[in-house]
Each structure stands twice: as C-alpha cells, then as structure tokens.
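Reading the structure
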Amino acid sequence: MARTRLTPERESELYAAVLDLLREVGYDALTMDAVAARTRSSKATLYRQWGSKPELVVKALRHNKPVSLGEIDTGSLRGDFHVALSRNDDCQMEKDSALMRGLSQAVHDNPDLHKALRELLIEPEMTGLDLLMRRAVDRGELRPDNPALKYIPHMLIGALAARQLVEDRAVDQAFLIDYVDSVVLPALGV
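Below or above, wherever it landed, is the structure these notes cover. On a predicted model such as this, the values are computed, not experimentally measured, just so you know.

Counting residues in each nonpolar core, the largest one holds 27 residues, and the members touching the most others are Leu-22, Val-57, Leu-61 and Leu-113. Taken together, the elements giving at least two residues each to this core come down to helix H1 (8–29), helix H2 (32–39), helix H3 (43–50), helix H4 (53–63), helix H6 (90–107) and helix H7 (111–138). Element by element, the count of residues in this core is highest for H1, at 7 residues. Excluding its chain neighbours within four sequence positions, the residues that come into contact with Val-57 are Val-18, Leu-22, Tyr-27, Leu-30 and Leu-103. Ranked by size, the runner-up nonpolar core spans 25 residues in total, among them Ala-84, Met-93, Leu-176 and Leu-185.

Here is the structure:
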C-alpha cells in the first residue's frame, strides 16, 4: 500500500529532483513522467501530493527558500537586507537566477504557473518584505510616506534581472549588497 504522507526527507529529495530537472530541460519540457522516473515514484503519488505540475514546481521553489523575509529582524533595515542577501552563496544565487529567468519566460504561456507563482512564492515574499519595511518605519528608520517604498520589490527584482542583461554577469552577493547599499537604501532615505 502506498504511503499517504511523505517524510520530510523524501519531500526534500523530490523537490531537489524537480529543480534539477527544471534547470536541465526548462518548465515546458518538464513532465510529471520525468519527475516520477527521476524520483522513482509513481505519477499518481505526485498528483495526489501536489495536484498539478505548476504547484509541484512552485512548492519546490518555495522549499528551496527556507527563511522568509518576515522572519529576519536584526534591528536595522541595512542589517535585515544584508542577512537576507547572505542566505545563499554565489553558486546557489547563480542557479536560482537561471531558474527564475527560465520560469519568467514560461509564465507568459502558462497562466496556471503564473497563478501558482503569485500565490505560493511571490505573495508570501511580498508579505515578508512588507513586514521588514513596516518594522523599519516603526523604528523610525523610514518615513511611512516615502514614495520609494512601493517600488522596493521592483528595484530588487530589477537588480536580479538586469545584471545578466546589462553586464552579462551572474548575480552574486557582493553585487546585491552593493546595490542595496548604493541604490535601495539611499532611495529610502536610509
């Protein structure tokens, strides 16, 4: 009889395999059959646990981000950003940004993927970022009426996307920390 609940280890193993496949073949070519074969599991199990390919992919991405932005609280906005950016090493950042570039392309043709990304990954991150900003306002570091506040997600996502385009170089910690210190914090008046 099939297990109804996966162990956390098995779940992690499945998520890692999904992300590896995603990097290898891209979203469109990734199939539940391929995931089942790679992970030695049945397609029925995958559908029972995750319901759909978009949900499986996005939950794998979510699992890959163990700490939510909202959980970071160093007592200063600069400290919070630095801790958030130091969560992944440069190698992981390069892998993640390659993944996100591929997914941002796939989102245009897959409304279900877009919906899953928004609900399971983007909205929780935005909530965490809002919490981070609200604490900075409460501490008096930021003015609540600062017009740049609403553009923080755009600035951060822009930095991730633009480095490859502008400089043909992968995003790394040093670049992101310098970007936050040189662009984001000054825009916020910090």
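This part covers the environment of Glu-13. Among the structural elements, Glu-13 can be located in helix H1. A residue is classified by how much of its surface remains accessible, and Glu-13, at 39% relative accessible area, is partly exposed. When the C-alpha positions of Glu-13 and Thr-39 are compared, they lie 7.8 Å apart, and in sequence the two are 26 residues distant. Polar contacts involving the side chain of Glu-13 include one to the side chain of Arg-10, which spans 2.5 Å.

Rules of the game
- All residue numbers refer to positions counted from 1 along the written sequence of the respective chain.
- Residues qualify for local features only when their pLDDT is at least 70, as the model is predicted, and side-chain atom pairs are given and counted only at 80 or more; totals for whole chains, interfaces and linings, by contrast, use all residues.
- Only hydrogens and water are set aside; all other atoms, that is, all heavy atoms of the structure, feed into the side-chain values.
- Among buried residues, the Ala, Val, Leu, Ile, Met, Phe, Trp, Tyr and Cys ones that are joined through side-chain atoms within 4.5 Å form a nonpolar core.
- Think of it in three bands: residues with accessible area under 20% of the maximum for their type are buried, residues over 50% are exposed, and the middle band is partly exposed, with areas taken using a 1.4 Å probe on protein chains only.
- Helix numbering and strand numbering both begin at the N terminus, where a helix is a DSSP run of H or I of at least 4 residues and a strand a DSSP run of E of at least 2.
- Should any heavy atoms of two residues lie within 4.5 Å, those residues are considered in contact.
- Two N or O atoms count as a polar contact when they lie within 3.5 Å, although within protein this holds only if one can serve as hydrogen donor and the other as acceptor, and sequence-adjacent residues are included solely when both atoms are side-chain atoms.

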